[in-house]
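Chain by chain, the residues:
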Amino acid sequence: MKQEKQDQMEQEAIKEIIAFGKSDNVVPTRLLTESVYRALEVFSSNINKHFAISHREIAAKQLLISCIYSLNKEQLNKVDRVIMNIARKI
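**With respect to the overall build of the chain**
No. 1: Looking only at helices and strands, the chain has four helices and zero strands in total.
No. 2: Each helix and strand of the chain, ordered N terminal to C terminal, gives the series α-α-α-α.
No. 3: When the accessible area of the chain is evaluated, it comes to approximately 6,100 Å², of which 53% is carbon and sulfur surface.

Okay, structure coming up:
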């Protein structure tokens, strides 16, 4: 059950990342930020704070890899900057 919830959160985040990447928006939407936050929160819940940022950055990269075939290089670069920013600020 926990894995299903985690998978669902990841799918929601991926959907929001792709929508943001394809939009003309430069500033991330609240929905994108919340979806990514929920998906990355799982990776830092039981981890030493010293390693939490690194784990969230790896998880953020995994989310971005899931979007590779849906976005072009420019869109991926835009999304990468935003997602990594979110990962570092949690």
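**Quick notes on a nonpolar patch on the surface**
No. 1: Taken together, the side chains of Ile65, Ile68 and Tyr69 present a nonpolar region at the surface, about 390 Å² in accessible area.
No. 2: Here Tyr69 shows up in the loop between α3 (49-65) and α4 (73-89).
No. 3: The class for Tyr69 is exposed, based on a relative accessible area of 81%.

**Focus: the packing of aromatic side chains**
No. 1: Considering all chains together, one arrives at zero aromatic pairs under this definition.
No. 2: Over the ring of Phe20 we find Lys78; its NZ or CZ atom is 4.5 Å from the centre of that ring.

**Quick word on the confidence of the model for the chain**
No. 1: Within the chain, residue pLDDT values average 83, and 88% of them lie at 70 or more.
No. 2: Of all helices and strands in the chain, the one with the weakest mean pLDDT is helix α2 (residues 30-44) (81), whereas α4 scores best (89).

**A closer look at the nonpolar core**
No. 1: Counting 22 residues, the largest nonpolar core has Ile17, Val36 and Ile83 as its most contacted members.
No. 2: Those elements that provide at least two residues to this core are α1 (2-22), α2, α3 and α4.
No. 3: Element by element, the count of residues in this core is highest for α4, at seven residues.

**Considerations on the packing of α1 against α4**
Pairs of packed helices are described in terms of their axes, by the angle between the two and the distance that separates them.
No. 1: Orientation of α1 relative to α4, taken along the N-to-C sense of each, is 125°, at an axis distance of 9 Å. Classified by the angle between their axes, α1 and α4 sit oblique to one another. Crossing hand, α1 versus α4: right-handed. Judged by residue contacts, Ile17, Phe20, Gly21 and Lys22 of α1 engage Gln75, Lys78, Val79, Val82 and Ile83 from α4.
No. 2: Class assignment for the residues of the contact of α1 with α4 results in five nonpolar, two polar and two charged.

Parameters at a glance
- Each chain has its residues counted from 1, following the order in which its sequence is written.
- Note on the predicted model: pLDDT of at least 70 is required for a residue's local features to be given, and 80 or more for side-chain atom pairs to be given and counted; whole-chain, interface and lining totals, by contrast, use all residues.
- For the side-chain quantities, the full set of heavy atoms in the structure was used; hydrogens and water were omitted.
- Strands here mean DSSP runs of E at least two residues long; helices mean DSSP runs of H or I at least four residues long; both are numbered from the N terminus.
- For the area figures, the Shrake-Rupley method with a 1.4 Å probe applies, and any residue is considered shielded solely by the protein chains shown.
- Each patch is built from salt-bridge-free residues with over 30% relative accessible area, joining like charges within 9 Å and nonpolar side chains (Val, Leu, Ile, Met, Phe, Trp, Tyr) within 5 Å.
- We define a salt bridge as a contact between a side-chain nitrogen of Lys or Arg and a carboxyl oxygen of Asp or Glu at a distance within 4 Å.
- Between buried and exposed lies partly exposed: a residue is buried under 20% and exposed over 50% of the maximum accessible area for its type, with that area taken using a 1.4 Å probe on protein chains only.
- When the centres of two rings from Phe, Tyr and Trp lie within 6.5 Å, Trp using its six-membered ring, the rings pair. Their planes under 30 degrees apart give stacked, over 60 give edge-to-face, and anything left gives tilted.
- Lysine NZ or arginine CZ positioned within 6 Å of the ring centre and within 35 degrees of the ring normal marks a charge as sitting over the ring.
- On a range of 0 to 100, pLDDT expresses the predictor's confidence in each residue.
- Take the buried Ala, Val, Leu, Ile, Met, Phe, Trp, Tyr and Cys residues and link them wherever side-chain atoms come within 4.5 Å; each set so joined is a nonpolar core.
- For helices, the fitted axis covers only the stretch in contact; all axes are lines through C-alpha atoms, and the angles between them, taken along N-to-C directions, range from 0 to 180 degrees.
- Note on angle classes: values under 35 degrees are labelled roughly parallel, values over 145 roughly antiparallel, values of 65 to 115 roughly perpendicular, and the remainder oblique.
- Crossing handedness: left-handed means the near helix sits turned counterclockwise from the far one by under a right angle, and right-handed means the same turn made clockwise.
- In what follows, a contact means two residues having at least one pair of non-hydrogen atoms within 4.5 Å.
- Three categories are distinguished: nonpolar for Ala, Val, Leu, Ile, Met, Phe, Trp, Tyr, Cys and Pro, charged for Asp, Glu, Lys and Arg, and polar for the others, with Gly belonging to the last.

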